[in-house]
Amino acid sequence: MDTFKVGIYNKDPDYSRSLMDYINSGTDREFRMVAFSEVGSINRYLESGRLDLILTDDESLGKTEEGSLYYEGIRMIILSEYPEYEGYGDNALNTIYIYKYQPVSVICKEIRRNLATVCESGRRISEVIGVYSPVSRCGKTRFSKTLAGYDEVRGGLYVGMEDFSDDMESLTANILYPLKMKGSDLENEIKRLIRKDQGICKVYVSGTYMDTHDVTCSDIELLKEIFLKTGSFTTICFDIGSAALGDYSILRCFSHIYMPVLRDEISMRKIEVFMKLLADLNFQDVIRKFEPVDIPNAEAFSEEMIKAVWKIRNGGDSGTRIKRTD
């Protein structure tokens, strides 16, 4: 799931800036805030950018849709001067109000709750991300697990599709057999194999690359459909081993692909060879999905790794731009 973007337009610009700076400075947020000094600034931003929610003290901006207020199709939350807002007008009972002077932690909780409503309304669906690299020992699996655990909206799902899994149970407790059999109880079989470990939900396609070589693009599309149908996850992260991919068209199944990199000369040349291969296969659409990222040599879920994931997911420092061959 991309990081949510929340706009704030308030008559007191100092309040807007202070709230934005406080929220954006935290490393445990799944959303970032953008402050606007005038309505025109929102319109200009929306020409090329995206907002998932707008906080404002100007209720007149909104248009009523199904009992809620929207500005240009974006859900609005009204910032109130009063702890217990009595409301006014026909929309008073259905419009969401937040007392603007309460602790920021409470404001964030309300924002998060409303963002979850945006997901449930169908305005935002879960994101299926791939993590793949032709470079070994680059921190790919540690990054993938932390990325899945970073999702605090509904939660993330880690899907292991490595060369060799680090989980012994994955050799027998995996979804490859039921996936290939496509029995009538396939959905329940796969749900049964999802388990929670280290605070995140995990499931394994197989324990070894020799089995995952048989997985096809249609298999992955079916898996995506089943995972999304559960409604339990907003980030679904596939950890793909460099040898586990028998069909490169599988990479087309992901909305975004992170590629952990190493900076030594040999590793960078390997990446160039891989990108040239994709170009020769006429996979320019897949090349555009890749984002190279620098991963620290740190354990999954460590403070250092969490900070790295936060930077990457919030548009901070990332790796070198991919050398395209189109």
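What counts, and at which threshold
- Along each chain, residues carry numbers from 1 onward, in the same order as the chain's sequence is written.
- Under the rules for a predicted model, residues below a pLDDT of 70 receive no local features and side-chain atom pairs below 80 are neither given nor counted, while totals for whole chains, interfaces and linings still include all residues.
- Where side-chain values are given, they derive from all heavy atoms of the structure, hydrogens and water being excluded.
- A pair of strands is considered paired only if DSSP assigns at least 2 bridges between the two.
- Starting at the N terminus, helices and strands are each numbered in turn, a helix being any DSSP run of H or I of at least four residues and a strand any DSSP run of E of at least two.
- Note on method: axes are straight lines fitted to C-alpha atoms, helices fitted across the in-contact stretch only, with angles between N-to-C directions ranging 0 to 180 degrees.
- Contact criterion: two residues are considered in contact whenever any of their non-hydrogen atoms come within 4.5 Å of each other.
- Whenever Lys or Arg places a side-chain nitrogen within 4 Å of a carboxyl oxygen from Asp or Glu, that contact is recorded as a salt bridge.
- For each residue, the accessible area found with a 1.4 Å probe, counting protein chains only, is set against the maximum for its type, and the residue is called buried under 20%, exposed over 50%, and partly exposed in between.
- In what follows, roughly perpendicular refers to angles from 65 to 115 degrees, roughly parallel to angles under 35, roughly antiparallel to angles over 145, and oblique to any angle outside these ranges.
- Each residue is assigned to one class: nonpolar for Ala, Val, Leu, Ile, Met, Phe, Trp, Tyr, Cys and Pro, charged for Asp, Glu, Lys and Arg, and polar for all the others, Gly among them.
- Whenever a nitrogen or oxygen atom comes within 3.5 Å of another N or O atom, the pair is scored as a polar contact, on the condition that within protein one atom can donate a hydrogen and the other can accept it, and that pairs from neighbouring residues in sequence are kept only if both atoms are in side chains.
- In this description, a nonpolar core means a group of buried Ala, Val, Leu, Ile, Met, Phe, Trp, Tyr and Cys residues linked to one another through side-chain atoms lying within 4.5 Å.

Undergrad: Summarise the sheet that holds strand 12 (residues 235-240); cite the residues concerned and give the values.
TA: Across the sheet, which stays open at both edges, the seven strands sit in the order 10-11-9-12-8-13-14 with mixed pairing between neighbours. The sheet terminates laterally at strand 10 (195-197) and strand 14 (290-294), the two strands that pair on one side only. Recorded for the sheet is a direction-independent mean angle of 30 degrees between the axes of neighbouring strands. Taken together, the six bridges between strand 9 (residues 156-161) and strand 12 define a ladder with parallel strand orientation. Residue pairing across strands places Tyr-158 opposite Cys-237, the latter belonging to strand 12. Seen against the sheet, helix 4 (residues 140-150) touches strand 8 (127-132), strand 9, strand 11 (200-204), strand 12 and strand 13 (256-261) and runs at an angle of roughly 170 degrees to strand 12. Strands in contact with helix 8 (residues 217-229) are strand 8, strand 9, strand 11 and strand 12; relative to strand 12, the strand with the most contacts, it is inclined by about 150 degrees.

Undergrad: Break down the pattern of salt bridges for me, citing the residues and quoting the values.
TA: As enumerated under the stated definition, the model contains 19 salt bridges in all. Here Arg-195 makes a salt bridge to Glu-169, at a shortest N to O gap of 3.9 Å. Here Arg-195 is found in strand 10, whereas its partner Glu-169 is found in the loop between strand 9 and helix 5 (176-181), with 26 residues between them in sequence. The class for Arg-195 is partly exposed, based on a relative accessible area of 26%.

Undergrad: Describe the packing of helix 6 (residues 186-193) against helix 8, and please don't skip the residues or the numbers.
TA: It is the contact of helix 6 with helix 8, at a shortest axis distance of 10 Å, that shows an interaxial angle of 75 degrees. When the interaxial angle is binned, helix 6 and helix 8 end up roughly perpendicular. Every residue of helix 8 that contacts helix 6 at Leu-186, Glu-187 and Ile-190 is listed here: Leu-222, Leu-223, Ile-226, Phe-227 and Lys-229. Residues belonging to the contact of helix 6 with helix 8 are distributed by class as follows: six nonpolar, no polar and two charged.

Undergrad: Can you lay out the side chain of Thr-141 for me, pointing to particular residues and giving the numbers?
TA: Turning to its location among the elements, Thr-141 is positioned in helix 4. By relative accessible area, which is 18% here, Thr-141 ends up buried. At a separation of 3.0 Å, a polar atom in the side chain of Thr-141 contacts the side chain of Glu-162. Separated by 2.8 Å, the side chains of Thr-141 and Asp-239 make a polar contact. Discounting chain neighbours no more than four positions away, the residues touching Thr-141 are Tyr-158, Glu-162, Asp-166 and Asp-239.

Undergrad: Can you tell me about the environment of Lys-224, naming the residues and giving the values?
TA: For Lys-224, the position within the fold is in helix 8. Taking the C-alpha atoms as reference, Lys-224 lies 8.4 Å from Ile-236; in sequence the two are twelve residues apart. If we ignore the near neighbours within four places in the chain, the residues touching Lys-224 are Val-128 and Cys-253.

Undergrad: Outline the nonpolar core, listing residues and values.
TA: If you look at the biggest cluster of nonpolar residues, it comprises 42 residues, and the most contacted ones within it are Ile-220, Leu-223, Phe-227, Phe-238, Leu-251, Leu-278 and Phe-290. For this core, the element with the most residues is helix 9 (residues 265-280), which contributes five residues. Among residues more than four places away in sequence, those in contact with Ile-220 are Met-161, Val-215, Phe-238, Ile-250, Cys-253 and Phe-254. Counting residues in each nonpolar core, the second largest holds 18 residues, with Met-20, Phe-31, Ile-77 and Leu-79 among its members.

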